[in-house]
Amino acid sequence: MIKIKLICVGKIKEAYLESGIKEYIKRLSNYAKLEIIEVKDENTTDEERAKLIEGNRIIEKLDNNFYNIFIDLHGEEVSSEKFASFTQKLIDRGVGNLCFVIAGSLGYSQDVLKYANYRLSLSKLTFTHQMTRLLVLEQIYRVFKINNNETYHK
């Protein structure tokens, strides 16, 4: 079974998001072993310092045995079908471990970006990093449904 790690800066504070996240964690359990790792967000008025500290916390949780997909406003924007195909090609090449990374509200420091194997944009729209967690889990679930030729409600 494929292993998926989701590294996120900050905690979920909204009950409605927590509920949706729990639902997708449950759905994904049929397809992958999922681990969610939360790293503390940094409270400081110095934005560059905060990004650096959060970036170092992310780096500490990365694992060389995982293919790192960073969710990034400046990443590649693709359809769900194209992302499913991309993911399937990774799996076919023997990549059995995927790590998705969601930065805090300030984004990534340049130091942490060099660890990305792929940078993915969910949209040209901006979402809170808490909403992004739910969206990423939903898209990972959708990838499995597409790649297994299973129907998914519309």
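Here the structure is shown first, and the text comes after it.
Numbering of residues begins from 1 in every chain and follows the order in which that chain's sequence is written. It should be noted that, the model being predicted, local features are given only for residues of pLDDT at least 70 and side-chain atom pairs only at 80 or more, the latter also being counted only at that level, while totals for whole chains, interfaces and linings use all residues. In computing side-chain values, all of the structure's heavy atoms are included and hydrogens and water are not.

Draft legend 1. Molecular detail of empty space enclosed by the protein. Cavities and pockets are found on a 1 Å grid laid over the protein atoms alone: a cavity is a set of points where a 1.4 Å probe fits but cannot escape, a pocket is an open set with protein on both sides within 12 Å along at least five of seven lines, and a lining residue has an atom within 4 Å of such a point. Grid points are joined across faces, edges and corners, and a volume is the space filled by probe spheres set on the points. A complete count under the given rule lists 2 cavities of 30 Å³ or more for this structure. For the largest cavity, the calculated volume is near 50 Å³. What lines the largest cavity is simply Ile2, Ile4, Phe83, Thr87, Ile91, Leu98, Phe100, Ile140, Val143 and Phe144. A run of H or I in DSSP becomes a helix once it reaches four residues, and a run of E becomes a strand once it reaches two; helices and strands are each numbered from the N terminus. Counting only elements with at least two residues in the lining of the largest cavity, the list comes to β1 (2–9), α3 (80–92), β4 (97–102) and α5 (129–147). Throughout, the ten residues Ala, Val, Leu, Ile, Met, Phe, Trp, Tyr, Cys and Pro are labelled nonpolar, Asp, Glu, Lys and Arg are labelled charged, and all others, Gly among them, are labelled polar. For the lining of the largest cavity, the residue count by class is 9 nonpolar, 1 polar and no charged. Considering the residues around the second largest cavity, the lining is formed by Cys8, Val9, Gly10, Lys11, Ile12, Ile102, His129, Gln130 and Arg133. A per-element tally of the lining of the second largest cavity places α5 first, with 3 residues. Tallied by class, the residues present in the lining of the second largest cavity amount to 4 nonpolar, 3 polar and 2 charged.

Draft legend 2. Here's a closer look at the pairing of strand β2 (residues 32–39). Any two strands with at least two DSSP-identified bridges between them are counted as paired. Of the strand pairs in this sheet, β1 and β2 are connected by 8 bridges, and their pairing is parallel. Its bridge partner lying in β2, Val9 is registered against Val39. A crossover counts as right-handed when, viewed with the strands pointing away from the observer, the path leading from the first strand over the helix to the second turns clockwise. In this fold, the crossover linking β1 to β2 by way of helix α1 (residues 15–28) has right-handed handedness.

Draft legend 3. Main features of the pattern of salt bridges. Basic side-chain nitrogens of Lys or Arg form a salt bridge, by our definition, when they fall within 4 Å of a carboxyl oxygen of Asp or Glu. Counted by the stated rule, this structure contains 10 salt bridges. A salt bridge links Lys26 to Glu23, with the nearest nitrogen and oxygen atoms 3.7 Å apart. You can see Lys26 and its partner Glu23 sitting in helix α1, 3 residues apart, about one turn around the helix. Where Glu76 meets Lys82, a salt bridge forms, and the shortest distance between an N and an O atom there is 3.3 Å. Whether a residue is buried, partly exposed or exposed follows from its accessible area with a 1.4 Å probe, protein chains only, as a fraction of its type maximum: under 20%, in between, or over 50%, in that order. Under the relative-accessibility criterion, Lys82 is labelled partly exposed at 47%. Bridged by salt links that share partners, the residues Lys11, Glu38 and Arg133 form one connected network.

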